[in-house]
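The residues making up each chain are set out below.
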Amino acid sequence: MQDNMLELGGSGFDDSDREFAKQIRQSFALDDIEATCVRFGLPSNKHALSEQIEPLYASSTDGIGSTDVGSVSWVVSTVQCRTASYAVGIPYHFWQLLAQGRAPGAHKGMTRAPEPIAGVASDLFAMPELLSAAKEAFVRFRQDATFRDPVGADAKPPLEMSV
């Protein structure tokens, strides 16, 4: 799969995207950027935007956030792709991260993710043995790991709060 990703034609970032990311990074101390890179298992380099393909499982998952897809993935196997959409080393929950969401570079990064995901889907359709192996791996995973819903089946949301 990594070979397929290399054929995508690069990151699509241009000099203005790199300059914007560089300016955002300048609002943080280099030590803070380095600490964020270490925490999230990101390559610690001088580039403001990551334009390289990281090996599968190369990043740390210690600091990765939680989403609803985490619960869904216990019921049905899922595919995710992380792409560069903000300056390397910017910690979560800071205005600088949010501000980058409207930048052209962020949109370029976000629009890259569907390509490798579609490639995986294409491979699964083209190679039934790959789909069978994925299903078997999912079944084995579920046999070895049980999902406990942290909310619980009997939880009732306070609907009066939504009125």
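**Student:** Now, about a nonpolar patch on the surface: what can you tell me, with residues and values included?
**Tutor:** A cluster of nonpolar residues, Val 72, Val 75 and Val 76, forms a patch on the protein surface that exposes about 260 Å² of accessible area. By relative accessible area, Val 72 is classed as partly exposed at 41%.

**Student:** Any details on the packing of aromatic side chains? Residues and values, ideally.
**Tutor:** The final tally for this structure, using the stated rule, is 3 aromatic pairs. Centre to centre, the rings of Phe 28 and Phe 94 are 5.3 Å apart; their planes meet at 70°, and the pair counts as edge-to-face. You can see Phe 28 sitting in the loop between helix H2 (15-25) and helix H3 (30-40) and its partner Phe 94 sitting in the loop between helix H4 (68-72) and helix H5 (95-100), a full 66 residues away along the chain. Phe 28 gets classed as buried once you look at its relative accessible area, which sits at 12%. Here the aromatic cluster, defined as three or more aromatic residues joined through ring pairs, consists of Trp 74, Phe 141 and Phe 147.

**Student:** Talk me through helix H6 (residues 104-112); I want residue IDs and the actual numbers.
**Tutor:** By the burial criterion, the buried members of H6 are Gly 105, Ala 106, Gly 109 and Arg 112. Buried residues of H6 fall within an arc of 125° about the axis and therefore sit on the same side. Exposed positions of H6 whose direction lies more than 90 degrees from the buried face are Pro 104 and Thr 111.

**Student:** For the nonpolar core, give the residues involved together with the corresponding values.
**Tutor:** Listed in full, the 12 residues of the largest apolar core are Phe 13, Ala 21, Ile 24, Phe 28, Ile 33, Cys 37, Ala 48, Leu 49, Ala 87, Val 88, Ile 90 and Leu 97. Sequence-distant contacts of Ile 33, that is, excluding residues within four places in its chain, are made with Arg 25, Phe 28, Val 88 and Gly 89.

**Student:** Lay out the packing of H6 against helix H7 (residues 114-126) in plain terms, naming residues and giving numbers.
**Tutor:** For any two helices packed against each other, the geometry comes down to the angle between their axes and how far apart the axes lie. Across the interface, H6 lies against H7 with an axial gap of 5 Å and an inter-helix angle of 0°. Taken as axis vectors, H6 and H7 run roughly parallel relative to one another. Between H6 and H7, the contacting residues are Met 110, Thr 111 and Arg 112 on the first element and Pro 114, Glu 115 and Pro 116 on the second. Classifying every residue of the contact of H6 with H7 gives 3 nonpolar, 1 polar and 2 charged.

**Student:** I'd like a description of H3, backed by residues and values.
**Tutor:** The periodicity of an α-helix, 3.6 residues per turn, causes residues three or four places apart in sequence to face the same way. Listing the buried residues of H3 in full gives Ile 33, Thr 36, Cys 37 and Phe 40. Projected down its long axis, H3 shows its buried positions confined to an angular sector of 100°, all on one face. Relative to its buried face, H3 has exposed residues pointing more than 90 degrees away, namely Asp 31, Val 38 and Arg 39. Summarising the contacts, the buried residues of H3 are in contact with H2. Two residues or fewer after H3 comes Gly 41, characterised by a positive phi angle close to 70°.

Scoring rules and cut-offs
The numbering scheme is per chain: residues are counted from 1 as the chain's sequence reads. Reporting in this predicted model follows two pLDDT cut-offs: at least 70 for local features of residues, and 80 or more for side-chain atom pairs to be given and counted; totals over whole chains, interfaces and linings ignore these cut-offs and use all residues. Only hydrogens and water are removed before side-chain values are computed, so all heavy atoms of the structure are retained for them. To count toward a patch, a residue needs a relative accessible area above 30% and no salt bridge. Like charges then connect within 9 Å, nonpolar side chains (Val, Leu, Ile, Met, Phe, Trp, Tyr) within 5 Å. Each accessible area is a Shrake-Rupley result for a 1.4 Å probe, and residues are judged covered by the shown protein chains and nothing else. Whenever a carboxyl oxygen of Asp or Glu lies within 4 Å of a side-chain nitrogen of Lys or Arg, that contact is scored as a salt bridge. When accessible area is computed with a 1.4 Å probe and restricted to protein chains, residues below 20% of their type maximum are described as buried, those above 50% as exposed, and intermediate ones as partly exposed. Centre distance within 6.5 Å is the pairing criterion for rings of Phe, Tyr and Trp, where only the six-membered ring of Trp is used; planes under 30 degrees apart are then read as stacked, over 60 as edge-to-face, and the remainder as tilted. Numbering of helices and strands runs from the N terminus, with a helix taken as a DSSP run of H or I at least four residues long and a strand as a DSSP run of E at least two residues long. The reported arc concerns the directions from the helix axis to the C-beta atoms and nothing else. Residues belong to one nonpolar core when they are buried, are Ala, Val, Leu, Ile, Met, Phe, Trp, Tyr or Cys, and are joined through side-chain atoms within 4.5 Å. Between two residues, a contact is recorded if the distance between any of their heavy atoms is within 4.5 Å. For helices, the fitted axis covers only the stretch in contact; all axes are lines through C-alpha atoms, and the angles between them, taken along N-to-C directions, range from 0 to 180 degrees. For classification, angles of less than 35 degrees are called roughly parallel, those exceeding 145 degrees roughly antiparallel, those between 65 and 115 degrees roughly perpendicular, and all remaining angles oblique. Only Asp, Glu, Lys and Arg are considered charged, only Ala, Val, Leu, Ile, Met, Phe, Trp, Tyr, Cys and Pro nonpolar, and every remaining residue, Gly among them, polar.

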